[in-house]
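Secondary and tertiary structure notes
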Amino acid sequence: MQVPIEVRDLEVCIRSRRSVVHALQGISLEVGEKQVVGFIGPNGAGKTTTVHVLLGFTEATSGSAKLFGEDVRHSIARRRIGYLPELPQTYNFLTGRELLHMAGRLFDMKGAVLKDRAAELLELVSMTYAADRKIATYSRGMMQRIGLAQALVNDPDLVILDEPTGGLDPLGRLDVRNIIATLRERGKTVFFSSHELSEVERVCDQVIILVAGQIVAKGPVAELVPAGESLEQFFIDSVRKMQNREVGV
Amino acid sequence: MNRILTIANIVWVDLLRRKDVYVLLILLGVMLFGLLSINIFGLGGAARYVLDVGLLLTWICSIILAVTMAGRQLPTEESRGTIYPLLAKPIRRWELLVGKWLGAWSSVAASTVVFYVLLLVVYRARGGVIDYNTLVQAILLHLAALGMVCALLLAISTRLTYGAAATVGFVLVVGSFLLVPRIPWFIAADPGANTIGLRILYYLLPHFELFDMRQRLVHQWSDISGAVSWGIIAIILVYGMVMTAIFLLLAWLGYRTKHFKRGGAV
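Keep in mind that this is a model prediction, so the values were computed, not measured.

**Some remarks on the overall build of chain B**
Along the backbone of chain B there are 12 helices and two strands. Helices and strands appear in chain B in the N-to-C order α-α-α-α-α-α-α-α-α-α-α-α-β-β. A compact globule built from 266 residues would reach a C-alpha radius of gyration of about 18 Å, and chain B, at 20 Å, matches this within 12%. With respect to the principal axes defined by its C-alpha atoms, chain B has extents near 60 × 55 × 35 Å.

Right, here's the structure in full:
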């Protein structure tokens, strides 16, 4: 069985002229099939860096990262994944439908199959009404929805979402939650980073908490969070504990 | 191939939905029709004068379009953040580069052909006669030169921002046009001096002057010395293709291991 995400001793050092930032300090994680995993941490913890390594945008200083058993640097590893970036920006001069057609053609989809898939996804993200409008006229929430639709165009086995509910109103967040629930029902693996801890608590089988480039906790929410405590409280305590350790308190 | 054509198609749609090409077309049209109505030094009546200035404007407009189109492809993808969902798809970096080059070159080439058609309409309206064999050769060489410009700009823009890439691109293209044909004169004028640097420049920079048939078209040299043989045209086209391939290879070397981070490349 191929594990959707497998990361071993991953380190990323970002060097600038004056300093070296240890964005990731030897993290290891594994995301199994058909799991919904929340990847949480404060700003600058290294969540997006981890996602960028998984997608081959950033090279690891040491360690390894694999998607379905393939090294992340090989394009074949990306055949079975869908990705929604944080702050999704896309070709503003295209319409929503054209964007989905373009994304589908990059997966060698064409003809009626592609047309039907685009229509199905527009329906899924409630964007049929604006499908033939230019993306330049979309609101932030609409951009997020169409970005999510393009991430799902190839019916991926693994969906990586970076802050999928960022900038969405409560209804938009509900829609995203429903989409993640639908993906779970269809047996997909979802790996998403978020600051919305209530969302994570509601939809995730497992959470991974990353602080200052290190994983401080991982496992099912029910096992991690003490009875009577919320994930938010557990998260704040974990971050404080780590920060205190960093400053030597 | 499907992925390369998809990327090229995005470049085309971008061009058609932007105003750059229409502005250049209108500007060229206004200048050409302006040439018909003015009569500087009594040259207004000479059709050849219209063709001479028109061809110069066509070259300038096409180079501006090629430099700006090809130079902005990669940096804009990075600054807009559209590179992330794109590279998260199973597309190889060389496919992205070839798709970008194909899209930029084919769209600039199509615009250039439209520029030529417009020029021809104005020239014919002035009563000019043209040798169509030479015209076809001139257009073919012009389009090949634009292929080189697009590939050069892609190579430069793998590591620079759009503004920097366009500036360096303009300097290199215009510099090559003006300087390279004169290098043998410089060497001949002072053979005792250390000319190694000049010789390196001569062989390193692209020879755009080989692709410029404006004088032949304007002065109809084909009537005097016979048309340029298609064999020579083929050799120049092969040279253009080799240079384009070299620039694309350089672009790939600069881009294949490039890493990205939020807010720009690392």
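**Notes on the pairing of strand 3 (residues 36-40) of chain A**
For a regular strand, the rule is simple: side chains alternate between the two faces of the sheet. All names here are of chain A. Of all the five residues making up strand 3, five are buried; the element is thus mostly covered by neighbouring parts of the structure. Taking every second residue as pointing to the same face, both faces of strand 3 are buried, with Val36, Gly38 and Ile40 on one and Val37 and Phe39 on the other. As paired strands, strand 3 and strand 9 (residues 206-211) are joined by four bridges and run parallel to one another. Note on strand 9: the bridge partner recorded for Gly38 is Val207.

**Quick notes on unusual backbone geometry**
A negative phi angle is the norm for most residues apart from glycine, just as the trans form is the norm for most peptide bonds. Residue and element names in this part refer to chain A. At Asp155, a position not held by glycine, the phi torsion is positive, near 50°. Relative to the elements of secondary structure, Asp155 occurs in the loop between helix 4 (140-151) and strand 7 (158-162). The backbone phi angle of Glu163 is positive, close to 50°, even though this residue is not glycine. Among the structural elements, Glu163 can be located in the loop between strand 7 and helix 5 (170-185). On the neighbour-count criterion, Glu163 (21 C-beta atoms within 10 Å) is buried.

**Brief notes about the sheet that holds strand 6 (residues 81-84) of chain A**
All names here are of chain A. A sheet is described by the order of its strands in space; here six strands give the open sequence 6-7-8-3-9-10, paired in mixed fashion. The open sheet has two free edges, formed respectively by strand 6 and strand 10 (214-220), since each of these has just one partner strand. The sheet shows a mean angle of 15° between the axes of neighbouring strands, direction not considered. Bridging between strand 6 and strand 7 involves four bridges; their strand directions are parallel. The residue of strand 7 that forms the bridge with Gly82 is Val159. The strands touched by helix 1 (residues 47-54) are strand 3, strand 7, strand 8 (189-193) and strand 9; relative to strand 7, the strand with the most contacts, the crossing angle is about 145°. Running over the sheet, helix 4 touches strand 6 and strand 7 and is turned about 165° from strand 6.

**Here's the deal with the interface of chain B and chain A**
Contacts between the two partners involve 23 residues from chain B and, on the opposite side, 28 residues from chain A. When residues of the side of chain B that touches chain A are traced back to their parent elements, those giving at least two are helix 1 (2-17), helix 4 (83-87) and strand 1 (260-261) of chain B. Across the side of chain B that touches chain A, the residue classes tally to 10 nonpolar, five polar and eight charged.

**As for the domain arrangement of chain A**
In many reports, interface size means the accessible area that the parts give up when they come together. Residue and element names in this part refer to chain A. Each assigned domain of chain A is listed with its residue range as follows: domain 1 (1-80 + 158-172 + 188-249) and domain 2 (91-155). A straight line from the C-alpha centre of domain 1 to that of domain 2 covers 27 Å. In this assembly, six residues from domain 1 lie in contact with six residues from domain 2. Looking at the side of domain 1 that touches domain 2 residue by residue, the class counts come to three nonpolar, two polar and one charged.

**Quick notes on the nonpolar core**
Counting residues in hydrophobic clusters, the biggest one holds 140 residues, and the most contacted among them are Ala66, Val149, Cys150, Ala151 and Leu154 of chain B. If you tally residues by element for this core, the top one is helix 6 (residues 132-157) of chain B, at 15 residues. Among the domains, domain 1 (1-80 + 158-172 + 188-249) and domain 2 (91-155) of chain A are the pair contributing at least three residues each to this core.

**Here we look at the pairing of strand 2 (residues 20-31) of chain A**
Residues and elements named next belong to chain A. Pairing of strand 1 (residues 5-15) with strand 2, which is carried by nine bridges, proceeds in the antiparallel orientation. Counterpart to Ile14 in the pairing with strand 2 is Val21. Hairpin remark: strand 1 followed by strand 2, antiparallel, with four residues in the connecting loop.

**Quick word on the sheet that holds strand 2 of chain A**
Taken in spatial order, the four strands line up as 2-1-4-5 (chain A) in an open sheet, and their pairing is antiparallel. Bordering the open sheet on either side are strand 2 and strand 5 (70-71) of chain A, each of which pairs with just one other strand.

**A closer look at helix 12 (residues 230-255) of chain B**
Residues and elements named next belong to chain B. Compared with an ideal rise of 1.5 Å per residue, which puts 26 residues at 38 Å, helix 12 spans 37 Å between its outermost C-alpha atoms and is within 8% of the ideal. Buried within helix 12 are the following residues: Gly240, Met243, Thr244, Phe247, Leu248, Ala251 and Tyr255. If you follow the buried residues of helix 12, they end up packed against helix 5 (93-125) and helix 6.

**Brief notes about the confidence of the model for chain A**
Mean pLDDT over chain A works out to 84, with 97% of the residues at or above the 70 mark. Element-level pLDDT for chain A is lowest in helix 8 (residues 231-247) of chain A, with a mean of 77, against a maximum mean of 92 in helix 2 (residues 96-105) of chain A.

**Some thoughts on the packing of helix 2 (residues 20-37) of chain B against helix 3 (residues 47-80) of chain B**
All names here are of chain B. Running from N to C, helix 2 and helix 3 cross one another at 170°; their axes reach a closest spacing of 10 Å. With respect to each other, helix 2 and helix 3 are oriented roughly antiparallel. Across from Asp20, Val21, Leu24, Leu28, Met31, Leu32, Leu35 and Leu36 in helix 2, the residues of helix 3 making contact are Val50, Val53, Gly54, Leu57, Cys61, Ile64, Leu65 and Thr68. Here the residues of the contact of helix 2 with helix 3 are counted per class, giving 13 nonpolar, two polar and one charged.

**Some details on helix 5 of chain A**
Helix length check: helix 5 of chain A (16 residues) gives 23 Å between terminal C-alpha atoms against 22 Å at 1.5 Å per residue, within 8%. Looking at the buried residues of helix 5 of chain A, the elements they touch are strand 3, helix 3 (111-124), helix 4, strand 7, strand 8 and helix 6 (197-203) of chain A.

Cut-off values and rules
- Residues numbered from 1 in each chain as written.
- Chains lettered and ligands numbered in written order.
- Predicted model: local features only at pLDDT ≥ 70, side-chain atom pairs only at ≥ 80, totals over all residues.
- Helix = DSSP H or I, 4+ residues; strand = E, 2+ residues; numbered from the N terminus.
- Rg over C-alpha atoms; globule rule 2.2 N^0.38 Å.
- Buried ≥ 20, exposed ≤ 12 C-beta atoms within 10 Å, placed from the backbone.
- Pairing = 2+ DSSP bridges.
- Axes fitted to C-alpha atoms, helices over the stretch in contact; angles between N-to-C directions.
- Contact = placed C-beta atoms within 7 Å.
- Nonpolar A, V, L, I, M, F, W, Y, C, P; charged D, E, K, R; others polar.
- Domains from an automatic or database assignment.
- Core = buried A, V, L, I, M, F, W, Y, C linked by C-beta atoms within 7 Å.
- Expected span 1.5 Å × (residues − 1).
- pLDDT = per-residue confidence, 0-100.
- Parallel < 35°, antiparallel > 145°, perpendicular 65-115°, else oblique.

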